[in-house]
Amino acid sequence: MPKRKRKTKSASKGKEKMNLISLESPDVKKMFEGTHEVDWGKNEADLLKNFKNCKKNPGHVSFIPFKDLTISRLPASYQSDLMLALIQAMSDITVMIKVKYVSPHRPDKFPDSLAPYPFSEMRGKRIIRTGTGRLSFVPEDVDTSSRTCPCASCLKSDTPSKEWGVIQICTTTHVVFDDLEAARSTVTFGYEDKDHRGLTLDGWRAVGDVPHDWCELRCLTHDVTFVQEMEEKSRRFYSLCLQVNEMFKSLQDKDKLTIIVSHPHGCPKQVTIGQWNLRSVALLDADSNDQYTRYTYTTCTCPGSSGAPVYTLGDRFIYCHTHSGANDDANYSALMWEPNELYAPPPQT
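Values in this document were obtained by computation on a predicted structure and should not be read as measured data. (Residues numbered from 1 in each chain as written. Predicted model: local features only at pLDDT ≥ 70, side-chain atom pairs only at ≥ 80, totals over all residues. Heavy atoms only, no water.)

Caption draft 1: Structural context of helix α6 (residues 224-247). The end-to-end C-alpha distance of α6, which contains 24 residues, comes to 35 Å, matching closely the 34 Å that a straight helix rising 1.5 Å per residue would cover. Those residues of α6 lying buried are F226, V227, M230, S234, R235, F237, Y238, L240, C241, V244 and N245. Of the residues flanking the start of α6, the one acting as N-cap is D223, its side-chain oxygen 3.2 Å from the backbone nitrogen of T225. (Helix = DSSP H or I, 4+ residues; strand = E, 2+ residues; numbered from the N terminus. Expected span 1.5 Å × (residues − 1). Buried < 20%, exposed > 50% of the residue type's maximum accessible area, 1.4 Å probe, protein only. Polar contact = N/O pair within 3.5 Å; in protein donor to acceptor, adjacent residues only side chain to side chain.)

Okay, structure coming up:
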């Protein structure tokens, strides 16, 4: 995953339980080859049936509809306006992803594994799949000033838009595998109840890493004001992370608080709260001492939660991980970069 260069003060030495692992370890590969959590069906009615007949979390009693979230529903030690503001900011950058095509380029198996890759048996078919994602940093490698918008509508138009911007969403490769799937996907912001859906953008391109299971999905919009608004929301979330980490520093090793905002079964945003129980360091960057890590946690997830942001309380854990899947023992994140120092949000330009 691309690394961010803006850092602040060094984080304190971590006291958390850490399991040093190797990507080549057969035990590790087996541990993280559970069930993906993308929901799917032939139509919207199938997704509704999946919600009602959910076997993983019947009744979804541990899921809090975002619209019903109040301070009183937070764990007793964390009932504060600041923690509530953090979850609200996390929700602001969480999106529902819908994909309507399975790329013919999906592999048969996970890399160096006998486990089947999600939806490999449906390659080339048109089915509806839903997952979750979060707003990432606005990409700096796309020049929007010297060319017209490359969206499908503008490419067919005699008067393509000269004002346009790119929104980048972090999710997993098993949600959106490549450009073919990206071009047949949509991203919906602000889906908080069945009668209120916010802005929906079409997917454009996808850049991913199959072994680590992360993907950056890029969307195009002519609304440059919206791009600026989302940049501000992203900065606000990371700023609140710093404040919350400082406020609850004394509890980080005790509770290992873990929060997920997702769209289970393609439904409106839901909040789940639990704790992480294992942090595995898979790779070390010798130059910066940054790490590639994976978490397992008790925080509830369901099909449709793949790609959701996973917030873990701690001095250094403000770079959200992404939910990847589940096995018989726990839910787990994708393997992602984790900086060795605290981040500052990108400066406002």
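Caption draft 2: Focus on the environment of F248. Tracing the backbone shows F248 in the loop between α6 and α7 (252-255). For the pair F248 and M83, spaced 165 residues apart in sequence, the C-alpha to C-alpha distance is 9.4 Å. Leave out the neighbours within four places in its chain, and F248 touches S77, Y78, S80, M83 and L313. (Contact = heavy atoms within 4.5 Å.)

Caption draft 3: Region of the structure containing the packing of helix α3 (residues 81-92) against α6. Across the interface, α3 lies against α6 with an axial gap of 9 Å and an inter-helix angle of 150 degrees. With respect to their mutual orientation, α3 and α6 come out roughly antiparallel. α3 and α6 meet at a crossing whose hand is left-handed. Between α3 and α6, the residues in contact are L82, M83, A85, L86, A89, M90 and D92 and M230, K233, R236, F237, L240, C241, Q243, V244 and M247, respectively. Residue composition of the contact of α3 with α6, grouped by class: 12 nonpolar, 1 polar and 3 charged. (Axes fitted to C-alpha atoms, helices over the stretch in contact; angles between N-to-C directions. Parallel < 35°, antiparallel > 145°, perpendicular 65-115°, else oblique. Left-handed = near helix turned anticlockwise from the far one by under 90°. Nonpolar A, V, L, I, M, F, W, Y, C, P; charged D, E, K, R; others polar.)

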